[in-house]
Amino acid sequence: ERIGGKEKGSATVPGDIYKDLLDNNMIPDPFYRDNELHLDWIGESDWSFTREFEVSTEFLEHDAVLLSCKGLDTLAKVVINDVQVGASENMFREWEWDIKENLKQGTNSITILFASAMKYCRAKGEKKKLPAWYPYDRNWIRKEQCNFDWDWGPKVVTCGIWRDISLVAYDNSRIDTVHVLQSHSKNSVELTALLELEKIGSSSHSASMTLSLNSKVVEQVDFSVVGKKGRAVAKIKNPELWWPNNMGSQPLYEVEVRLFSKDGSLLDICTRRIGLRTLVLDRHLDEWGESFQFVVNGVPFFAKGANWIPADAILARMSDKNYRMLIQASVEANMNMLRVWGGGIYENNIFYDLCDEMGICVWQDFMFACATYPTFDKTFMASVKEEIKHNIKRLRHHPSIALWCGNNELEQGLVSNEWGEKSMSWKDYGKLFDKMIPRVVQKLDPQRDYWPCSPHTPH
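Model, not experiment: these values are computed from the prediction.

Reading the values: the criteria
All residue numbers here refer to positions counted from 1 along the written sequence of the relevant chain. Selection of residues for local features in this predicted model requires a pLDDT of at least 70, selection of side-chain atom pairs for listing and counting requires 80 or more, and totals for whole chains, interfaces and linings are taken over all residues. Computation of side-chain values: all heavy atoms of the structure, hydrogens and water removed. Throughout this description, buried means an accessible area under 20% of the type-specific maximum (1.4 Å probe, protein chains only), exposed means over 50%, and partly exposed covers the range between. Comment: elements are numbered from the N terminus, with helices defined as DSSP H or I runs of at least four residues and strands as E runs of at least two. Paired strands, in this sense, are two strands between which DSSP finds at least two bridges. Here, the term disulfide refers to a pair of cysteine sulfur atoms separated by no more than 2.5 Å. Side-chain atoms within 4.5 Å link the members of a nonpolar core, which is a set of buried Ala, Val, Leu, Ile, Met, Phe, Trp, Tyr and Cys residues. A pair of Phe, Tyr and Trp rings is counted when the ring centres sit within 6.5 Å of each other, with Trp represented by its six-membered ring. The angle between the planes then sorts it: under 30 degrees is stacked, over 60 is edge-to-face, the rest tilted. Charges are assigned to positions over rings by a cutoff of 6 Å between ring centre and Lys NZ or Arg CZ, combined with an angular limit of 35 degrees from the ring normal.

Chemist: How would you summarise the pairing of strand β14 (residues 229-237) if you had to cite specific residues and measurements?
Modeler: Where burial is concerned, the two faces of β14 differ: the one with G230, A232, A234 and I236 is buried and the one with K229, R231, V233, K235 and K237 is not. With nine bridges joining them, strand β11 (residues 188-199) and β14 adopt antiparallel strand pairing. Bridge assignment links L194 to a residue of β14, and that residue is R231. The pairing of strand β13 (residues 216-226) with β14 spans two bridges and is classified as antiparallel. Bridge pairing in β14 links V226 to K229. Counting the residues between successive antiparallel strands, the hairpin from β13 to β14 contains two residues, one of them, G227, with a positive phi of roughly 65°.

Chemist: Which residues make up the state of the cysteines, and what are the values?
Modeler: Each disulfide is one covalent bond, formed between the sulfur atoms of two cysteines. Scanning all chains against the criterion turns up zero disulfides. Unpaired in terms of disulfides, C370 finds its nearest cysteine sulfur in C453, a separation of 9.4 Å. For C370, a relative accessible area of 6% translates into the label buried.

Chemist: Outline the nonpolar core, listing residues and values.
Modeler: With 54 residues, the main nonpolar core has F351, F366, F368, I388 and I437 as its most contacted residues. Taken together, the elements giving at least two residues each to this core come down to α5 (320-332), β23 (337-340), α6 (349-358), α7 (378-395), β25 (401-405) and α8 (426-444). Residues L21, L22, L39 and V156 belong to the second largest nonpolar core, which totals 32 residues.

Chemist: An account of the packing of aromatic side chains is needed here, citing residue identities and associated values.
Modeler: For the structure shown, the criterion picks out 25 aromatic pairs. Taken together, a centroid distance of 6.3 Å and an interplanar angle of 85° make the contact between F292 and F294 edge-to-face. With centroids separated by 6.1 Å and ring planes inclined at 40°, the aromatic side chains of F292 and W363 adopt a geometry described as tilted. On the criterion of sequence distance, the pair formed by F292 in the loop between β19 (289-290) and β20 (293-296) and W363 in strand β24 (residues 361-365) is long-range, its members being 71 residues apart. Under the relative-accessibility criterion, F292 is labelled partly exposed at 39%. Classification of W363 by relative accessible area gives buried; the value is 11%. Members of the aromatic cluster, each reached through a chain of ring pairs, are F368, Y373, F380, W426, Y429 and F433. When the ring centre of W95 is taken as origin, the NZ or CZ atom of R93, which lies over that ring, is 4.0 Å away. One residue, R142, lies across the ring of F368, its end atom 4.1 Å from the ring centre.

As structure tokens, then:
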């Protein structure tokens, strides 16, 4: 529903306001002729999404009851039974709020209010203008930057519940993360799985790790959990290695970690699909200066591929079938790498799953492109740090990811010694791209390389 307007209809979740308005036949196709110019009012408006849902007594008896939002686009207030339980200001983060005390047995209501990103950016820009190669002061907001238009795409300023939303309940403890590290030697790979829990109370736990290939168990290990952390080690003999397209096959092992309570009852299961490989950026002195090449399983290869932008300006229209068609086309064109460009989104899980399956390596930008950013603003930096941590944890198990890259093109004219009308200072640039991001990468994904900018000339 448009707040203060007459537009009202049914919505699809996950989705966004443009797709909902199209589905309700309330707007023309923004891709047709100059229609996008007449649809500016959508991004200038505030919107609300509301529904009722049922909750059982049994559900409320769990130790923890959370609202899990995998993605809210972007400036959102979440209200349950007329009480605000949370707020979002970052499209690229996941959010969870404890709502046990806000729920009741039977019928409950949820409303998510989305404020206009355009109005927000305009207000921030009036207080302090940040240099950029594009209008609308969009560099103040953590939202898909090309939403506001780009040289190749339309202005389609969306809002909505763009990824899954659910109620999550658990007792005692649940698995927060499982991080799988690899150590390769001749004819064997040693896997170390690092388990982290979210706990209520101080009870003890045990856990197990099962490794499978093509549904056949390869190795199984039981291990203990001390406090909130556990560590399992397993050795795979004669491993089947993962290779990029046209270099070999793409076998994928499944790592399943099970968490048990003190009495042996199953509390949680986490599965990660991994590929056994080493994949590094090789930089060594050569006759021209310094090399820049990727090496997989000890074999240097020529990275060839394309720049991946969001495949539809209205993200909600992208289906698994669309993703499969485009990545299959990349394979058939003999590509072996796609670069996820920093002006779009950290892609949906299906994108990386398909790259794993088809041998397409991923150069993964963080979402910064063609603008300066307010790294002097503590609130902004705190939000970005959570965004970086979340997306590294979400994606680091994918064998396809070859490199983390800080940004798109900032060093090509947007950075200088001091802040000015066209640039930010190297000092403030460095706060984010030379310090915070590489430190988080090193801590959360130490087996992958980081590169500050595309393109970048090392000093």
